[in-house]
Every structure is written in structure tokens, then in C-alpha cells.
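Inside the fold
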Amino acid sequence: PLPEVLDEAMIHAVVHGFYDGIRKDALLGPIFDGAIAPEEWPVHLAKMCDFWSATLLRTDRYEGRPLPPHLAIPELGEQHFRRWLTLFRATVERLCPPEVADLFLDRALRIAHSFRLAIAFSRGE
Ligand code: HEM
């Protein structure tokens, strides 16, 4: 059963807290700013709230395909995934009780791994 404290408000706090940090990050900030225009950020953040809501609360708010935009970032590599996951871990550990932080992290790790495999495959590695 899902912990009761995991709700849309917590997802909103995690998503907004995480991307506030990412946009200021020296390694990841430029990648996001290259892909998302300033006026598009509210759309991206709303989409990421939908994504996590669908992923963790099994709502049907996200029906997109997460992989393609990542395949379209040519420089995306291991160091970016490590940084992304470090920042994500710090965010959920700061904002969520441990059992909720674990749910976020477990999902993020699995998806990051599937992205890494797909990127390697698409580059013929
Ligand atoms: C979208 C970067 C890892 C989930 C995006 C976009 C960028 C990006 C720039 C926006 C693309 C666009 O709108 O043109 C990155 C980087 C990552 C990373 C640099 C780390 C190396 C992840 C991980 C997850 C994730 C681990 C899942 C846990 C998503 C989703 C979208 C997205 C769901 C929206 C896709 C859609 O348009 O429907 N990412 N990402 N990303 N990312 Fe990531």
C-alpha cells in the first residue's frame, strides 16, 4: 500500500524543488535550458507532475513517451545521469519521509537505467 503522505502536493513539491536545483546546476542547467525555452518551463513542470502522479499514484494524467526527448540530446552521458540521480536523491531525502523517498528513488533509478540502455543501443554501443 502507498504511504498516505504521498499525495499530489508532495509530488508538486518534489518536482518544483528538483527542477529549481537542476536549472542552477553547472552540468545539467545548460542542457535543460537548451531544450526548454523560459516560457515553456511551466508546461514542463506540469508535465513532470503528471508523469510522477501517473507513475507513483497510478493516475492517468501522463500519456506521453518519456524516452524520445532524451535520445534527442546528443551529449547525454553517464556523468549526466549520475548528477541527475544525485540531485534527485538529495531532493527527495530533503522533502519526503524515508519510505516515500525510497519510492521516488526506486522508480527514478529504474527509468534512468532503461534510458541508459536505450541510449547505448540507439548509438550502436
Ligand atoms: C523530459 C533531460 C533524466 C523523465 C526531459 C527534457 C529534458 C530532459 C531536457 C525536456 C525535453 C523537451 O521537452 O524537449 C534529462 C536529463 C536527464 C534526464 C539531462 C539525466 C541525464 C530523466 C529521468 C527521468 C526523466 C531519470 C525519469 C525518472 C522525463 C520525462 C520527460 C522528460 C517524463 C517528459 C517527456 C515528454 O515530453 O513527455 N528530460 N532527463 N528524465 N524527462 Fe528527462
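That block above? That's the structure.
Fair warning: this is a prediction, and the values are worked out from it, not measured in the lab.

**Describing the coordination of the iron atom of the ligand**
Among all protein atoms, only H70 (NE2) binds the iron atom of the ligand, sitting 2.0 Å from it. Structurally, H70 can be placed in helix α4 (residues 67–71).

**Examining the environment of T91**
Tracing the backbone shows T91 in helix α5 (residues 78–95). In the structure, T91 is positioned 76 residues away from V15 in sequence and 8.9 Å away in space, judged by C-alpha atoms. Excluding its chain neighbours within four sequence positions, the residues that come into contact with T91 are V14, G17 and F18.

**Focus: the layout of surface pockets**
Taken as a whole, the largest pocket spans an internal volume of roughly 720 Å³. What lines the largest pocket is a set of 27 residues, among which Y19, F32, H44, M48 and H70 lie closest to the centre. Looking at the lining of the largest pocket, the elements with two or more residues in it are α2 (29–35), α3 (41–57), α4, α5 and α6 (98–122). With six residues, α3 is the single largest residue contributor to the lining of the largest pocket. For the lining of the largest pocket, the per-class residue count stands at 21 nonpolar, three polar and three charged.

**Considerations on α5**
A rise of 1.5 Å per residue sets the reference length of α5, with its 18 residues, at 26 Å; its end C-alpha atoms lie 26 Å apart and thus fit the reference within 8%. Regarding α5, the residues found buried are H80, F81, W84, L85, L87, F88, T91 and V92. Considered in projection along α5, the buried side chains sweep an arc of 165° and stay on one side of the axis. With respect to the buried face of α5, the exposed residues turned more than 90 degrees away are E93 and R94. Looking at the buried side of α5, the elements it contacts are α1 (8–24), α2, α3 and α6.

**Quick look at unusual backbone geometry**
Phi at R58 takes a positive value of approximately 55°, unusual for a residue other than glycine. Locating R58 in the fold gives a position in the loop between α3 and α4.

**What to know about the site of the ligand**
Near the ligand, the surroundings consist of 21 residues, among which F32, K47, Y62, H70 and W84 are the closest. Here K47 contributes a side-chain N or O atom positioned 2.7 Å from an oxygen atom of the ligand. The contact in question runs from an oxygen atom of the ligand to an N or O atom on the side chain of Y62, over 2.6 Å. Judged by its atoms lying within 2 Å of the grid points, the ligand is housed in the largest pocket. Elements that contribute at least two residues to the shell around the ligand include exactly α2, α3, α4, α5 and α6. Among the elements that make up the shell around the ligand, the one with the highest residue count is α3 (five residues). Split into classes, the residues belonging to the shell around the ligand amount to 17 nonpolar, three polar and one charged.

Each value, and the rule that gives it
Residues numbered from 1 in each chain as written. Predicted model: local features only at pLDDT ≥ 70, side-chain atom pairs only at ≥ 80, totals over all residues. Heavy atoms only, no water. Donors = N, O, S within 2.8 Å, 3.2 Å for Na, K, Ca; no water. Helix = DSSP H or I, 4+ residues; strand = E, 2+ residues; numbered from the N terminus. Contact = heavy atoms within 4.5 Å. 1 Å grid on protein atoms, 1.4 Å probe; cavity = no way out; pocket = protein on both sides within 12 Å on 5 of 7 lines; lining within 4 Å. Points joined across faces, edges and corners; volume = space filled by probe spheres on them. Nonpolar A, V, L, I, M, F, W, Y, C, P; charged D, E, K, R; others polar. Expected span 1.5 Å × (residues − 1). Buried < 20%, exposed > 50% of the residue type's maximum accessible area, 1.4 Å probe, protein only. Arc of directions from axis to C-beta. Near = heavy atom within 4 Å. Polar contact = N/O pair within 3.5 Å; in protein donor to acceptor, adjacent residues only side chain to side chain. Sits in = over half its atoms within 2 Å of the grid points.

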